[in-house]
Amino acid sequence: MEVSISEDFLSDLSSLSSGLAGKCRTILRAAKRQNARTMRTEATPGWRVHRLKSSPFISIAVDMNYRMLCTIEGERFRAVRVVNHDLADAAHINRNASLEVPYEIADEKIQASHVFDALVALGLPQEQVDSFRGVTDEDEFINALYEVDTRIQSFALSLYETTGLTIPRSKYTVFDDSEDFDSALRGDMEQWELYLHPSQRYVVELPVQHRIAVQGSAGTGKTVCAWHRLGFLASQKHSVGFVCANKRILEVSRDMLERLVKGTGTDCCFLIPDSRDALVELAQEVDHIVFDEGQEFTPAWFSHLGQVLSDLNTGITLFYDLNQIGGNIPSGDSARFKERLNLWHSSVGSIPNIGRMSFHINYRNSREIIEFYRNALDEVLPGDLGSNLPIFEAGQVVSEEVRNREELGIRIATAIRALRKDYGDNDIGLILNGNARENLRDVSAQLKKFGIRTSPDLHDREKILITSPRDIKGHERKAIVLCTPPIGRRVDRVGRAIDIYVALTRARDRLIVFQMP
């Protein structure tokens, strides 16, 4: 439907708490997406939409105390007032539908030229918002933001955000019948980080001497399974080595592993090998080796290890994703990537008695996120994405184009403000990819002006994470904002596709993509 709002509605909105104002904006967004018949008969549960007697208005319950008064004429939705229930029943309020409605929400945006009038309608002194007078487009609106104080910036962004970026609330639909999964999904991140899908229990409890290579796309829980594999073997009093290719990957796992082996009384070691001989020495010392992010290792190391394992009983559990394959290969050198894939398969195959299996259940990305990266990257990535089965959905992925760097900070701030309605700062990550990576400091400084604190520290739970695809590898957040060069069919380099793939799959529930020229 076409959506418009009155000055009285804006004035009412400014007097509400941030939570109630957010609910009003959610109703406006939903009205924009629905048709009139659906709005009247099949509205979102909890709204309690009904027509008032002897009144031109339809009433929508915002909460137990407030109602939005609106009209639906054809396919046009008008938001006129949002008032206390008692006031809504007053005749001088609910029978007056002649209020001027000058602000149209067209193409999902309040027109930039209306911002000045709207701010004045909210009661702000004209001299304090004069920068917005005469603004006609988004570029001028962005420039005006830098000329006012943070309080007015907040008001202006809130108005522009009212319909500018639609990010629906996270309402999970779970396709898995496990109560434990549903509980973990809706619980805090600490519970979620250690959740193991029941389908992977088989790998965790294999005999200590078993050797298996497990392929899985991002989101299938390989790293979590690796943690539980080590924890299970340690509980059986077996010595285990946990091996990663670099310090960054190991940092993802160390705290979790220490929690899982605590109290087992078993010696476990964490290793970042600097040579193939270091792997051989480890195989001679422990009962089992667990490899996380195995694709990061030089394939020849596995060939060498395989020769030694012919005379040992050491077990191997190797987790890998060939769509994240490492190596110092130029981004556009497809032939080199193909050569490395062939070497990988032959090298792993040289390990005696090693079995192979694949994880197909993706329980760490919502269905919408899986479909988005599959459609964008399936034909560009070096390996096959396989049949990656989602088991929950959480809402649409938002993808928009950003015309220039000056606009970027404003768009990111708007997105984060919208996400904050449903998530804490520790649940949100901002990933800068490609040329955007060069602007990390500038973007952080811009966001600070809007009261948004960021940190590149992956373990900082007080601020929003700002990072790159390579640094966030192995981590995840409930919501991710990604700034990247154009994706989809325009990704012409394998290495660039891998970085985008890693970034997109770090999001669990919400994904917002800003594509920059």
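None of these values were measured; they are calculated from a predicted model. In this convention, every chain numbers its residues from 1, walking through the sequence in written order. Owing to the predicted nature of the model, reporting of local features is limited to residues with pLDDT of at least 70; listing and counting of side-chain atom pairs is limited to 80 or more, with chain, interface and lining totals taken over all residues. In computing side-chain values, all of the structure's heavy atoms are included and hydrogens and water are not.

1. Focus on the overall build of the chain
What counts is decided by this rule: The secondary structure listing takes helices from DSSP runs of H or I that are at least 4 residues long and strands from runs of E that are at least 2 residues long, numbered from the N terminus. Each residue is placed in one exposure class: buried if its accessible area under a 1.4 Å probe, protein chains only, is under 20% of its type's maximum, exposed if it is over 50%, and partly exposed if it falls in between. Residue contacts are counted whenever heavy atoms from the two residues lie within 4.5 Å of one another. The Shrake-Rupley method, run with a 1.4 Å probe, gives the accessible areas here. Residue values count only the displayed protein chains as cover.
If you tally the helices and strands in the chain, you get 20 helices and 23 strands. Counting across all 517 residues of the chain, residues that qualify as buried make up 56%. A fraction of 73% describes how many contacts in the chain between residues 6 or more apart in sequence connect residues 24 or more apart. When the accessible surface of the chain is totalled, it reaches about 22100 Å², and 45% of it is carbon and sulfur.

2. Topic: the sheet that holds strand β19 (residues 428-432)
In sheet architecture, strand pairing relies on hydrogen bonds along the backbone and comes in two forms, parallel and antiparallel. Where we set the bar: In this description, strands pair whenever DSSP reports at least two bridges between them. Helix axes are fitted to C-alpha atoms over the stretch in contact, other axes to C-alpha atoms as well, and angles between N-to-C directions run from 0 to 180 degrees.
Reading across the sheet, the 6 strands line up as β18-β23-β22-β19-β21-β20 and stay open at both edges, with parallel pairing between neighbours. Two strands in the sheet have a free side with no partner beyond their single neighbour: β18 (398-401) and β20 (454-455). Sheet topology places β18 next to strand β23 (residues 507-515); 4 bridges connect them, and they run parallel. Across the sheet, the residue bridging to Glu 400 is Phe 514, located in β23. Lying over the sheet, helix α19 (residues 440-449) contacts β19, β20 and β21 (464-467), oriented at roughly 140 degrees with respect to β19.

3. Side note on unusual backbone geometry
In this model, Lys 237 sits at a positive phi of 70 degrees, which is unusual for a non-glycine residue. Within the secondary structure, Lys 237 is located in the loop between α12 (222-235) and β10 (240-243). According to the relative accessible area criterion, Lys 237 is exposed, its value standing at 56%.

4. Considerations on the nonpolar core
Cut-off, in case you're wondering: By nonpolar core is meant a set of buried Ala, Val, Leu, Ile, Met, Phe, Trp, Tyr and Cys residues that side-chain atoms within 4.5 Å join together.
One finds Phe 291, Leu 318 and Leu 377 to be the most contacted residues of the largest nonpolar core, which totals 52 residues. Here this core gets 8 residues from one element, more than from any other, and that element is helix α20 (residues 494-504). Core analysis: the second largest hydrophobic core is formed by 40 residues, Phe 132, Phe 141, Leu 447 and Ile 466 among them.

5. Quick look at the side chain of Lys 478
In plain terms, the rule: For this count, His and the chain ends are skipped, Lys and Arg are scored as positive, and Asp and Glu as negative. Take a side-chain nitrogen of Lys or Arg and a carboxyl oxygen of Asp or Glu: if they are within 4 Å of each other, that pair is a salt bridge.
Position of Lys 478 relative to the elements: it lies in strand β22 (residues 477-484). One buried charged side chain, Lys 478, makes no salt bridge at all; its nearest oppositely charged neighbour is Asp 427, positioned 4.2 Å away. The contact partners of Lys 478, leaving out residues within four places of it in the chain, are Gly 187, Met 189, Tyr 423, Asp 427, Arg 508, Asp 509 and Arg 510.

6. Points about helix α15 (residues 299-309)
Taking burial as the measure, the 11 residues of α15 include 8 buried ones, the bulk of the element. Every buried residue of α15 is listed here: Pro 299, Trp 301, Phe 302, His 304, Leu 305, Gly 306, Val 308 and Leu 309. Packing partners of the buried residues in α15 comprise β9 (211-216), α14 (276-285), β12 (288-291), β13 (315-320) and α16 (334-349).

7. Some points on the sheet that holds β10
Overall, parallel pairing links the 6 strands, which are arranged β11-β10-β12-β13-β9-β14 in an open sheet. Looking along the sheet, the strands with just one partner apiece sit at the ends: β11 (268-271) and β14 (355-359). With strand direction ignored, the average angle separating the axes of adjacent strands in the sheet is 15 degrees. Looking at chain direction, β9 and β14 are connected through 5 bridges and run parallel. Across the sheet, residue Gly 216 finds its bridge partner in β14, namely Phe 359. Contacts from α14 reach β10, β11 and β12, with the element oriented near 135 degrees to β12.

8. Quick look at the environment of Leu 465
By the element assignment, Leu 465 lies in strand β21. Given a relative accessible area of 2%, Leu 465 falls into the buried group. Separated by 35 residues in the primary sequence, Leu 465 and Leu 430 place their C-alpha atoms 5.9 Å from one another. Once residues lying within four places of it in the same chain are set aside, the contact partners of Leu 465 are Ile 428, Gly 429, Leu 430, Ser 455, Pro 456, Asp 457, Leu 458, Ile 472 and Arg 477.

9. Topic: the pattern of salt bridges
One side chain can pair with another of opposite charge once the charged atoms of both are near each other. Per the counting criterion, the structure on display carries 15 salt bridges. For Glu 193, the salt bridge identified is with Arg 461, shortest N-O distance 2.9 Å. Here Glu 193, found in helix α10 (residues 189-193), pairs with Arg 461, found in the loop between β20 and β21; they are 268 residues apart in sequence, far enough to count as distant. According to the relative accessible area criterion, Arg 461 is partly exposed, its value standing at 36%. Linking Asp 499 and Arg 470 is a salt bridge whose minimum nitrogen-to-oxygen distance equals 3.4 Å. One end of the pair, Asp 499, is in helix α20; the other, Arg 470, is in the loop between β21 and β22, with 29 residues separating them in the sequence. Three or more residues joined by partner-sharing salt bridges are found here, namely Arg 367, Glu 368, Glu 371 and Glu 393.

10. Digging into the pairing of β11
Where β10 lies against β11, 4 bridges are found, and the strand directions are parallel. Counted as the bridge partner of Gly 241 is Cys 269 from β11.

11. Considering the packing of α14 against α15
Here is the rule we go by: We call a crossing left-handed when the near helix sits turned anticlockwise from the far one by less than a right angle, and right-handed when that turn is clockwise. In this count, Pro and Cys sit with the nonpolar residues alongside Ala, Val, Leu, Ile, Met, Phe, Trp and Tyr, while Asp, Glu, Lys and Arg are called charged and the others, Gly among them, polar.
Contact pair α14 / α15: the axes reach a minimum separation of 9 Å and the direction vectors enclose 30 degrees. Between α14 and α15 the crossing geometry is right-handed. Of the residues in α15, those in contact with Arg 276, Asp 277, Leu 279, Val 280, Ala 283 and Gln 284 of α14 are Trp 301, His 304, Leu 305, Val 308 and Leu 309. Class assignment of the residues belonging to the contact of α14 with α15 gives a composition of 7 nonpolar, 2 polar and 2 charged.

12. Considerations on the packing of α12 against helix α13 (residues 247-261)
In contact at an axis separation of 9 Å, α12 and α13 are set at 30 degrees when each is read in the N-to-C sense. In this structure, the crossing between α12 and α13 has a hand that is right-handed. Along its contact with α12, which presents Thr 223, Trp 227, His 228, Leu 230, Gly 231 and Ala 234, the element α13 presents Val 252, Ser 253, Met 256, Leu 257, Leu 260 and Val 261. Taken together, the residues of the contact of α12 with α13 sort by class into 8 nonpolar, 4 polar and no charged.

13. Some details on the packing of aromatic side chains
The condition is simple: Pairing of aromatic rings covers Phe, Tyr and the six-membered ring of Trp, with a centre-to-centre limit of 6.5 Å; geometry is then stacked below 30 degrees between planes, edge-to-face above 60, and tilted otherwise.
In the structure shown here, the tally under the stated rule is 15 aromatic pairs. Centroid distance Phe 181 to Phe 392: 6.1 Å. Interplanar angle 50 degrees. Geometry classified as tilted. Placement of the pair is Phe 181 in helix α9 (residues 179-186) and Phe 392 in strand β17 (residues 392-393), with a sequence separation of 211 residues. Taking the relative accessible area as the measure of exposure, Phe 392 reaches 0% and is therefore buried. Judged by centre distance (5.7 Å) and plane angle (90 degrees), the ring pair of Phe 291 and Phe 297 falls under edge-to-face. Taking relative accessible area as the criterion, Phe 291 reaches 0% and is therefore assigned buried.

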